[in-house]
Amino acid sequence: MATRKEVKNRIASVKNIHKITRAMEMVAAARLRRAEQRIDAMRPYAQAIRKMTREVAEASEGGSTQVPLMQTREDVKRVGILLVTGDRGLAGAFNTQIIREGIRLRREYANDGAEVVFGVVGRRGNSTLTFRGENVENSYVGFTDRPAFANAREISRDLTSAFRDEEVDRVDLVYNRYVSPLTQYVRRQTLLPMSEAEVFGEGIPEPEEPADPELAEAHRKSDLIYEPDADQLLPQLIEEYVDLSVYRALLESAASEHGARMTAMRNASENADEMIDSLTLEMNRVRQAEITQEILEVVAGAEALG
(Lines give C-alpha, C1' and ligand atoms only; values in the text may rest on other atoms or scores of the structure.)
Protein backbone atom coordinates (compact mmCIF):
# COMPACT_ATOMS: atom_id res chain seq x y z
CA MET A 1 0.00 0.00 0.00
CA ALA A 2 1.25 3.50 -0.87
CA THR A 3 2.21 5.82 1.95
CA ARG A 4 0.22 8.92 2.77
CA LYS A 5 2.98 11.15 1.39
CA GLU A 6 2.98 9.30 -1.95
CA VAL A 7 -0.79 9.60 -2.29
CA LYS A 8 -0.62 13.28 -1.34
CA ASN A 9 1.98 13.90 -4.04
CA ARG A 10 -0.21 12.15 -6.60
CA ILE A 11 -3.17 14.35 -5.62
CA ALA A 12 -1.04 17.47 -6.06
CA SER A 13 0.07 16.28 -9.52
CA VAL A 14 -3.49 15.56 -10.65
CA LYS A 15 -4.62 18.97 -9.38
CA ASN A 16 -1.93 20.64 -11.48
CA ILE A 17 -3.07 18.70 -14.54
CA HIS A 18 -6.67 19.70 -13.78
CA LYS A 19 -5.70 23.39 -13.79
CA ILE A 20 -3.98 23.00 -17.17
CA THR A 21 -6.86 21.13 -18.83
CA ARG A 22 -9.39 23.58 -17.43
CA ALA A 23 -7.41 26.53 -18.81
CA MET A 24 -7.08 24.83 -22.21
CA GLU A 25 -10.82 24.20 -22.26
CA MET A 26 -11.59 27.89 -21.69
CA VAL A 27 -9.06 28.99 -24.34
CA ALA A 28 -10.56 26.55 -26.87
CA ALA A 29 -14.07 27.81 -26.05
CA ALA A 30 -13.05 31.42 -26.72
CA ARG A 31 -11.36 30.48 -30.00
CA LEU A 32 -14.37 28.40 -31.01
CA ARG A 33 -16.68 31.40 -30.68
CA ARG A 34 -14.42 33.43 -32.97
CA ALA A 35 -14.25 30.57 -35.47
CA GLU A 36 -18.06 30.34 -35.54
CA GLN A 37 -18.27 34.09 -36.19
CA ARG A 38 -15.87 33.76 -39.13
CA ILE A 39 -17.99 30.99 -40.64
CA ASP A 40 -21.11 33.15 -40.30
CA ALA A 41 -19.30 36.10 -41.90
CA MET A 42 -18.21 33.94 -44.85
CA ARG A 43 -21.71 32.71 -45.73
CA PRO A 44 -23.11 35.82 -47.53
CA TYR A 45 -20.07 35.92 -49.81
CA ALA A 46 -20.37 32.18 -50.42
CA GLN A 47 -24.03 32.56 -51.39
CA ALA A 48 -23.26 35.44 -53.74
CA ILE A 49 -20.37 33.79 -55.57
CA ARG A 50 -22.27 30.52 -55.89
CA LYS A 51 -25.23 32.34 -57.45
CA MET A 52 -23.00 34.38 -59.75
CA THR A 53 -21.04 31.34 -60.92
CA ARG A 54 -24.25 29.46 -61.71
CA GLU A 55 -25.69 32.41 -63.66
CA VAL A 56 -22.50 33.01 -65.63
CA ALA A 57 -22.24 29.29 -66.46
CA GLU A 58 -25.81 29.37 -67.77
CA ALA A 59 -25.06 32.48 -69.85
CA SER A 60 -21.83 31.07 -71.25
CA GLU A 61 -22.15 29.77 -74.80
CA GLY A 62 -20.11 26.60 -74.55
CA GLY A 63 -17.44 28.33 -72.48
CA SER A 64 -17.84 25.90 -69.59
CA THR A 65 -16.62 23.02 -71.73
CA GLN A 66 -13.44 24.94 -72.59
CA VAL A 67 -12.45 25.71 -68.98
CA PRO A 68 -9.60 23.33 -68.00
CA LEU A 69 -10.78 23.09 -64.39
CA MET A 70 -14.13 21.68 -65.57
CA GLN A 71 -12.80 19.05 -67.95
CA THR A 72 -13.20 15.46 -66.76
CA ARG A 73 -10.31 13.08 -67.46
CA GLU A 74 -11.40 9.72 -68.80
CA ASP A 75 -8.36 7.86 -67.47
CA VAL A 76 -7.63 8.84 -63.86
CA LYS A 77 -4.02 7.80 -63.23
CA ARG A 78 -2.99 10.21 -60.46
CA VAL A 79 -5.17 11.61 -57.69
CA GLY A 80 -4.35 14.44 -55.31
CA ILE A 81 -5.91 14.30 -51.85
CA LEU A 82 -5.79 17.34 -49.56
CA LEU A 83 -6.10 16.40 -45.88
CA VAL A 84 -6.94 19.23 -43.48
CA THR A 85 -5.60 18.44 -40.00
CA GLY A 86 -4.29 20.60 -37.14
CA ASP A 87 -0.91 21.87 -36.00
CA ARG A 88 -1.45 20.65 -32.42
CA GLY A 89 -2.80 17.60 -30.68
CA LEU A 90 -4.85 17.15 -27.50
CA ALA A 91 -8.05 17.29 -29.56
CA GLY A 92 -9.40 13.77 -29.22
CA ALA A 93 -9.84 11.93 -32.52
CA PHE A 94 -9.83 15.14 -34.60
CA ASN A 95 -6.57 14.44 -36.45
CA THR A 96 -6.75 10.65 -36.34
CA GLN A 97 -10.04 10.35 -38.20
CA ILE A 98 -8.83 12.58 -41.06
CA ILE A 99 -5.63 10.55 -41.47
CA ARG A 100 -7.60 7.31 -41.31
CA GLU A 101 -9.94 8.52 -44.06
CA GLY A 102 -6.99 9.61 -46.20
CA ILE A 103 -5.36 6.18 -45.92
CA ARG A 104 -8.68 4.52 -46.76
CA LEU A 105 -9.06 6.67 -49.89
CA ARG A 106 -5.49 5.91 -50.95
CA ARG A 107 -6.21 2.18 -50.76
CA GLU A 108 -9.48 2.64 -52.62
CA TYR A 109 -7.80 4.48 -55.50
CA ALA A 110 -4.91 2.01 -55.50
CA ASN A 111 -7.39 -0.80 -56.06
CA ASP A 112 -8.56 1.10 -59.15
CA GLY A 113 -4.99 1.44 -60.40
CA ALA A 114 -4.52 5.13 -59.55
CA GLU A 115 -1.55 6.65 -57.74
CA VAL A 116 -2.28 8.99 -54.83
CA VAL A 117 -0.26 12.03 -53.73
CA PHE A 118 -1.14 13.83 -50.54
CA GLY A 119 -1.26 17.50 -49.73
CA VAL A 120 -1.52 18.05 -45.98
CA VAL A 121 -2.60 21.05 -43.94
CA GLY A 122 -1.30 20.90 -40.36
CA ARG A 123 1.81 19.55 -38.66
CA ARG A 124 0.03 16.54 -37.16
CA GLY A 125 -1.09 15.11 -40.46
CA ASN A 126 2.21 15.88 -42.16
CA SER A 127 4.33 14.20 -39.48
CA THR A 128 2.08 11.13 -39.29
CA LEU A 129 1.94 10.53 -43.05
CA THR A 130 5.67 11.14 -43.42
CA PHE A 131 6.37 8.65 -40.63
CA ARG A 132 4.15 6.09 -42.39
CA GLY A 133 6.07 6.57 -45.64
CA GLU A 134 3.18 8.07 -47.62
CA ASN A 135 3.75 10.28 -50.67
CA VAL A 136 3.34 13.81 -49.25
CA GLU A 137 3.93 16.31 -52.03
CA ASN A 138 2.90 19.57 -50.32
CA SER A 139 2.47 20.56 -46.68
CA TYR A 140 1.03 23.74 -45.21
CA VAL A 141 1.61 24.45 -41.53
CA GLY A 142 1.44 27.22 -38.96
CA PHE A 143 -2.03 28.69 -39.51
CA THR A 144 -4.64 26.05 -38.67
CA ASP A 145 -5.79 27.87 -35.50
CA ARG A 146 -6.76 30.97 -37.47
CA PRO A 147 -6.59 30.41 -41.25
CA ALA A 148 -6.65 33.42 -43.55
CA PHE A 149 -8.04 33.65 -47.06
CA ALA A 150 -4.46 34.11 -48.31
CA ASN A 151 -3.64 30.64 -46.94
CA ALA A 152 -6.59 29.16 -48.81
CA ARG A 153 -5.59 30.91 -52.01
CA GLU A 154 -2.03 29.59 -51.77
CA ILE A 155 -3.32 26.04 -51.37
CA SER A 156 -5.96 26.30 -54.11
CA ARG A 157 -3.47 27.76 -56.57
CA ASP A 158 -1.15 24.78 -56.03
CA LEU A 159 -4.08 22.39 -56.56
CA THR A 160 -5.42 24.10 -59.67
CA SER A 161 -1.93 24.38 -61.18
CA ALA A 162 -1.33 20.67 -60.64
CA PHE A 163 -4.68 19.83 -62.23
CA ARG A 164 -4.24 22.24 -65.14
CA ASP A 165 -0.73 20.91 -65.85
CA GLU A 166 -2.12 17.34 -65.73
CA GLU A 167 0.11 16.40 -62.81
CA VAL A 168 -3.07 15.03 -61.22
CA ASP A 169 -6.33 13.98 -62.85
CA ARG A 170 -8.55 14.53 -59.83
CA VAL A 171 -8.43 16.41 -56.52
CA ASP A 172 -10.33 15.38 -53.39
CA LEU A 173 -10.69 17.38 -50.20
CA VAL A 174 -11.01 15.73 -46.77
CA TYR A 175 -11.75 17.79 -43.66
CA ASN A 176 -13.80 17.81 -40.47
CA ARG A 177 -17.25 19.31 -40.94
CA TYR A 178 -18.27 21.40 -37.92
CA VAL A 179 -21.74 20.84 -36.48
CA SER A 180 -21.35 21.63 -32.79
CA PRO A 181 -18.63 21.44 -30.11
CA LEU A 182 -19.69 17.85 -29.50
CA THR A 183 -20.22 16.84 -33.13
CA GLN A 184 -17.78 16.92 -36.03
CA TYR A 185 -17.73 14.44 -38.87
CA VAL A 186 -15.31 13.70 -41.68
CA ARG A 187 -16.42 15.15 -45.00
CA ARG A 188 -14.96 14.22 -48.36
CA GLN A 189 -15.73 16.25 -51.45
CA THR A 190 -14.48 16.33 -55.02
CA LEU A 191 -12.78 19.67 -55.64
CA LEU A 192 -11.55 19.17 -59.23
CA PRO A 193 -12.73 18.74 -61.90
CA MET A 194 -15.50 21.22 -61.19
CA SER A 195 -17.91 19.31 -63.41
CA GLU A 196 -17.85 16.48 -60.82
CA ALA A 197 -17.66 18.68 -57.75
CA GLU A 198 -20.48 18.59 -55.26
CA VAL A 199 -22.73 21.61 -55.07
CA PHE A 200 -20.91 24.12 -52.90
CA GLY A 201 -22.68 25.39 -49.85
CA GLU A 202 -23.77 22.38 -47.83
CA GLY A 203 -24.69 23.75 -44.45
CA ILE A 204 -24.99 27.30 -45.85
CA PRO A 205 -28.63 28.43 -45.86
CA GLU A 206 -30.16 29.72 -49.05
CA PRO A 207 -31.14 33.40 -49.15
CA GLU A 208 -34.58 34.22 -47.84
CA GLU A 209 -37.52 34.26 -50.22
CA PRO A 210 -37.97 37.67 -51.89
CA ALA A 211 -40.87 39.88 -50.85
CA ASP A 212 -42.11 40.06 -54.47
CA PRO A 213 -41.61 36.64 -56.16
CA GLU A 214 -42.87 37.86 -59.56
CA LEU A 215 -40.40 40.74 -59.65
CA ALA A 216 -37.58 38.41 -58.57
CA GLU A 217 -38.51 35.97 -61.34
CA ALA A 218 -38.51 38.78 -63.90
CA HIS A 219 -35.02 39.83 -62.77
CA ARG A 220 -33.84 36.23 -63.04
CA LYS A 221 -35.12 35.87 -66.60
CA SER A 222 -33.79 39.24 -67.73
CA ASP A 223 -30.77 39.35 -69.99
CA LEU A 224 -27.62 40.48 -68.22
CA ILE A 225 -24.68 42.09 -69.95
CA TYR A 226 -21.32 40.86 -68.67
CA GLU A 227 -18.08 42.77 -69.05
CA PRO A 228 -15.96 40.90 -69.92
CA ASP A 229 -18.33 38.43 -71.57
CA ALA A 230 -19.50 35.28 -69.78
CA ASP A 231 -17.02 33.00 -71.55
CA GLN A 232 -14.07 35.06 -70.28
CA LEU A 233 -15.55 35.68 -66.84
CA LEU A 234 -16.35 32.04 -66.07
CA PRO A 235 -12.72 30.80 -65.61
CA GLN A 236 -12.04 33.61 -63.13
CA LEU A 237 -15.19 32.84 -61.17
CA ILE A 238 -14.35 29.14 -61.07
CA GLU A 239 -10.92 29.90 -59.60
CA GLU A 240 -12.57 32.09 -56.95
CA TYR A 241 -15.03 29.26 -56.38
CA VAL A 242 -12.15 26.83 -55.72
CA ASP A 243 -10.47 29.36 -53.42
CA LEU A 244 -13.66 29.70 -51.41
CA SER A 245 -14.14 25.93 -51.23
CA VAL A 246 -10.68 25.51 -49.68
CA TYR A 247 -11.21 28.51 -47.39
CA ARG A 248 -14.47 27.09 -46.16
CA ALA A 249 -12.79 23.74 -45.43
CA LEU A 250 -10.09 25.53 -43.41
CA LEU A 251 -12.67 27.46 -41.39
CA GLU A 252 -14.77 24.36 -40.77
CA SER A 253 -11.67 22.43 -39.72
CA ALA A 254 -10.52 25.22 -37.37
CA ALA A 255 -13.92 25.32 -35.66
CA SER A 256 -13.98 21.52 -35.45
CA GLU A 257 -10.49 21.46 -33.91
CA HIS A 258 -11.41 24.01 -31.24
CA GLY A 259 -14.66 22.17 -30.50
CA ALA A 260 -12.91 18.82 -30.28
CA ARG A 261 -10.18 20.23 -28.04
CA MET A 262 -12.72 21.92 -25.77
CA THR A 263 -14.64 18.66 -25.41
CA ALA A 264 -11.46 16.62 -24.85
CA MET A 265 -10.17 19.01 -22.19
CA ARG A 266 -13.56 19.06 -20.47
CA ASN A 267 -13.54 15.27 -20.32
CA ALA A 268 -9.97 15.35 -19.00
CA SER A 269 -10.96 17.84 -16.30
CA GLU A 270 -13.89 15.68 -15.24
CA ASN A 271 -11.65 12.61 -15.13
CA ALA A 272 -9.15 14.56 -13.03
CA ASP A 273 -11.93 15.48 -10.58
CA GLU A 274 -12.89 11.82 -10.26
CA MET A 275 -9.27 10.80 -9.76
CA ILE A 276 -8.79 13.45 -7.07
CA ASP A 277 -11.86 12.16 -5.21
CA SER A 278 -10.59 8.58 -5.50
CA LEU A 279 -7.09 9.50 -4.31
CA THR A 280 -8.49 11.56 -1.43
CA LEU A 281 -10.51 8.55 -0.31
CA GLU A 282 -7.39 6.39 -0.59
CA MET A 283 -5.37 8.89 1.46
CA ASN A 284 -8.03 8.87 4.18
CA ARG A 285 -7.88 5.08 4.27
CA VAL A 286 -4.09 5.15 4.53
CA ARG A 287 -4.27 7.70 7.34
CA GLN A 288 -6.88 5.62 9.15
CA ALA A 289 -4.69 2.54 8.79
CA GLU A 290 -1.72 4.45 10.19
CA ILE A 291 -3.75 5.65 13.19
CA THR A 292 -5.06 2.14 13.82
CA GLN A 293 -1.53 0.76 13.65
CA GLU A 294 -0.29 3.36 16.13
CA ILE A 295 -3.11 2.51 18.56
CA LEU A 296 -2.30 -1.18 18.29
CA GLU A 297 1.36 -0.47 19.01
CA VAL A 298 0.48 1.63 22.07
CA VAL A 299 -1.85 -1.11 23.39
CA ALA A 300 0.76 -3.79 22.75
CA GLY A 301 3.40 -1.74 24.59
CA ALA A 302 1.11 -1.19 27.56
CA GLU A 303 0.36 -4.91 27.79
CA ALA A 304 4.07 -5.72 27.60
CA LEU A 305 4.76 -3.39 30.54
CA GLY A 306 2.03 -5.11 32.23
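This structure is a prediction, so every number in the text was calculated from the model and none was measured.

### Focus: the packing of aromatic side chains
Consideration 1: All told, the structure shown has one aromatic pair when counted by the stated rule.
Consideration 2: Plain terms: the ring middles of Phe149 and Tyr247 are 5.3 Å apart, the flat faces sit at 85° to each other, and that makes the pair edge-to-face. Of this pair, Phe149 sits in helix H4 (residues 149-164) while Tyr247 sits in helix H6 (residues 230-305), and the two are 98 residues apart along the sequence.
Consideration 3: Take Phe149: its relative accessible area is 26%, and that puts it in the partly exposed class.
Consideration 4: Positioned above the aromatic ring of Phe163, the side-chain terminus of Arg73 is 4.1 Å from the ring centre.

### Topic: the sheet that holds strand S4 (residues 170-180)
Pairing between the strands of a sheet comes from backbone hydrogen bonds, and it takes one of two forms, parallel or antiparallel.
Consideration 1: Strands sit in the order S3-S2-S1-S4-S5 across an open sheet of five strands; the sheet is mixed. Lying at the two open borders of the sheet, with one neighbouring strand each, are strand S3 (136-140) and strand S5 (183-192). Sheet twist, expressed as the average angle between the axes of neighbouring strands with direction ignored, equals 20°.
Consideration 2: With four bridges joining them, strand S2 (residues 115-121) and S3 adopt parallel strand pairing. For Gly119, the partnering residue across the bridge sits in S3 and is Asn138.
Consideration 3: Contacts between H6 and the sheet are confined to strand S1 (78-84), S2, S4 and S5, with S4 contributing the most and set at about 40° to the helix.

### Some details on the pairing of S4
Consideration 1: Among the 11 residues that make up S4, nine are buried, leaving the element largely enclosed by the rest of the structure.
Consideration 2: Bridge analysis of S1 against S4 gives five bridges, and the strand direction is parallel. Each bridged residue has a counterpart across the sheet, and for Gly80 the counterpart in S4 is Val171.
Consideration 3: A loop of two residues connects S4 with S5, the two strands running antiparallel in sequence.

### Quick look at the pattern of salt bridges
Consideration 1: Going through the model one piece at a time under the given rule, you end up with 24 salt bridges.
Consideration 2: Note that Arg153 is salt-bridged to Asp243, the shortest N-O span being 3.2 Å. Of this pair, Arg153 sits in helix H4 while Asp243 is found in helix H6, placing the two residues 90 residues apart along the sequence.
Consideration 3: Judged by relative accessible area, Asp243 falls into the buried class, the value being 0%.

### What to know about a nonpolar patch on the surface
Consideration 1: On the surface, Ile291, Ile295 and Val299 cluster together to form a nonpolar patch covering roughly 250 Å² of accessible area.
Consideration 2: Tracing the sequence through the fold places Val299 in helix H6.
Consideration 3: Accessibility expressed as a relative area gives 40% for Val299, which makes it partly exposed.

### Section: the confidence of the model for the chain
Consideration 1: Per-residue pLDDT for the chain averages 84, and the proportion of residues at 70 or more is 88%.
Consideration 2: Confidence, expressed as mean pLDDT per element, reaches its minimum in the chain at helix H5 (residues 213-221) with 59 and its maximum at S1 with 94.
Consideration 3: Long-range and interchain partners of residues 199-205, a stretch whose pLDDT sits below 50, account for 24 contacts in this model, where long-range means more than four residues apart.

### Here's the deal with the side chain of Asp169
Consideration 1: Tracing the chain through its elements places Asp169 in the loop between H4 and S4.
Consideration 2: Under the relative-accessibility criterion, Asp169 is labelled buried at 13%.
Consideration 3: Beyond its immediate sequence surroundings of up to four residues, Asp169 is in contact with Arg73, Asp75, Val76, Lys77, Arg78, Phe163 and Pro193.

Cut-offs applied
- Residues numbered from 1 in each chain as written.
- Predicted model: local features only at pLDDT ≥ 70, side-chain atom pairs only at ≥ 80, totals over all residues.
- Heavy atoms only, no water.
- Phe/Tyr/Trp six-rings, centres within 6.5 Å; stacked < 30°, edge-to-face > 60°.
- Helix = DSSP H or I, 4+ residues; strand = E, 2+ residues; numbered from the N terminus.
- Buried < 20%, exposed > 50% of the residue type's maximum accessible area, 1.4 Å probe, protein only.
- Lys NZ or Arg CZ within 6 Å of the ring centre and 35° of its normal.
- Pairing = 2+ DSSP bridges.
- Axes fitted to C-alpha atoms, helices over the stretch in contact; angles between N-to-C directions.
- Contact = heavy atoms within 4.5 Å.
- Salt bridge = Lys/Arg side-chain N within 4 Å of Asp/Glu carboxyl O.
- Patch = residues over 30% accessible without salt bridge, like charges linked within 9 Å, V, L, I, M, F, W, Y side chains within 5 Å.
- Areas by Shrake-Rupley, 256 points an atom, 1.4 Å probe, with all protein chains shown as cover.
- pLDDT = per-residue confidence, 0-100.

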